[in-house]
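# Chain and residue survey
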Amino acid sequence: MTGATNPRTKADLLAFLDTLGIAVRTHEHPPLYTVADSQALRGTIPGGHTKNLFLKDKKDSFFLVTVDEEASVDLKQIHHLIGASSRVSFGKPEALMELLGVAPGAVTVFGLINDTSGRVRLVLDSALMENAVINAHPLTNEATTSIAAADLLHFVKATGHDPVILKVTG
């Protein structure tokens, strides 16, 4: 596998966004590992907050499914929606680091900046994308970056990925 042997940092990400002309706002906070941590510690940051599922199928196709933090996803059925070849399981931490350059607890759509080989297919939940502003970790779980939904799509395309927007939540 090829991928993030030297993963980009939060500073690299913010500089990349700046070169794309994308204005973001980043809020620093203690490390957040779960949605519950995020809700308790992040304070009041407006917009949709993300929950990210790093999934793989039996043919080693990888998917990053990004939904609203409150959303529930049927992992037994999602493979039908996202085009997986089989039922999916969570990708291993080693694959997560290799492909997206992040550790468990810091999974983020911004990790696509590290997927230079285009191995990960991004699926954004349509309900999440109804928010004017989307909030995600900037490659670290010690901060939250707010980005306009349209700018998020611009970022994703600039990383060479083709975002798929689907209704994946119940």
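Everything in this summary refers to the structure shown in the same document. (Residues numbered from 1 in each chain as written. Predicted model: local features only at pLDDT ≥ 70, side-chain atom pairs only at ≥ 80, totals over all residues. Heavy atoms only, no water.)

As a further point, take unusual backbone geometry. The residue D60 is not glycine, and still its phi comes out positive at about 60°. Turning to its location among the elements, D60 is positioned in the loop between β2 (48-56) and β3 (62-68). Positive phi is not limited to glycine here, since L139 has a value of about 75°. Tracing the backbone through its elements, the reader meets L139 in the loop between β6 (133-136) and β7 (143-148). Judged by relative accessible area, L139 falls into the buried class, the value being 11%. (Helix = DSSP H or I, 4+ residues; strand = E, 2+ residues; numbered from the N terminus. Buried < 20%, exposed > 50% of the residue type's maximum accessible area, 1.4 Å probe, protein only.)

A separate point is the nonpolar core. F54, L100, V109, F110, V120, L152 and F155 are the most contacted members of the largest nonpolar core, which has 32 residues in total. The dominant element in this core, judged by the number of residues it contributes, is helix α5 (residues 149-158), at 5 residues. When sequence neighbours within four positions are dropped, the list of residues in contact with V120 reads F54, F62, F63, L64, L99, L100, L112, D115 and H161. Counting residues in hydrophobic clusters, the runner-up holds 13 residues, among them L53, V65, I82 and V168. (Core = buried A, V, L, I, M, F, W, Y, C linked by side-chain atoms within 4.5 Å. Contact = heavy atoms within 4.5 Å.)

This next bit is on the pattern of salt bridges. All told, the structure shown has 2 salt bridges when counted by the stated rule. With a shortest N-O distance of 3.0 Å, D60 and K56 are connected by a salt bridge. (Salt bridge = Lys/Arg side-chain N within 4 Å of Asp/Glu carboxyl O.)

The next thing to look at is the packing of aromatic side chains. In the structure shown here, the tally under the stated rule is 3 aromatic pairs. An angle of 75° between the planes, with centres 6.0 Å apart, marks the rings of F16 and F155 as edge-to-face. Separated by 139 residues along the polypeptide, F16 in helix α1 (residues 10-19) and F155 in helix α5 bring together distant segments of the chain. Each member of the pair, F16 together with F155, is buried. (Phe/Tyr/Trp six-rings, centres within 6.5 Å; stacked < 30°, edge-to-face > 60°.)

With respect to the helices, strands and loops of the structure, T144 is situated in strand β7. At a separation of 2.7 Å, a polar atom in the side chain of T144 contacts the side chain of H29. With residues near it in sequence (within four places) discarded, T144 still touches R25, T26, H27, H29, I45, N135, A136, H137 and P138. (Polar contact = N/O pair within 3.5 Å; in protein donor to acceptor, adjacent residues only side chain to side chain.)

This part covers the pairing of β7. Of all 6 residues in β7, 5 are buried; the element is thus mostly enclosed. In the sheet, strand β1 (residues 25-28) pairs with β7 via 4 bridges, with the strands oriented antiparallel. Across the sheet, residue E28 finds its bridge partner in β7, namely A143. Examined bridge by bridge, β6 and β7 share 4 bridges and lie antiparallel to one another. Its bridge partner lying in β7, N135 is registered against S146. (Pairing = 2+ DSSP bridges.)

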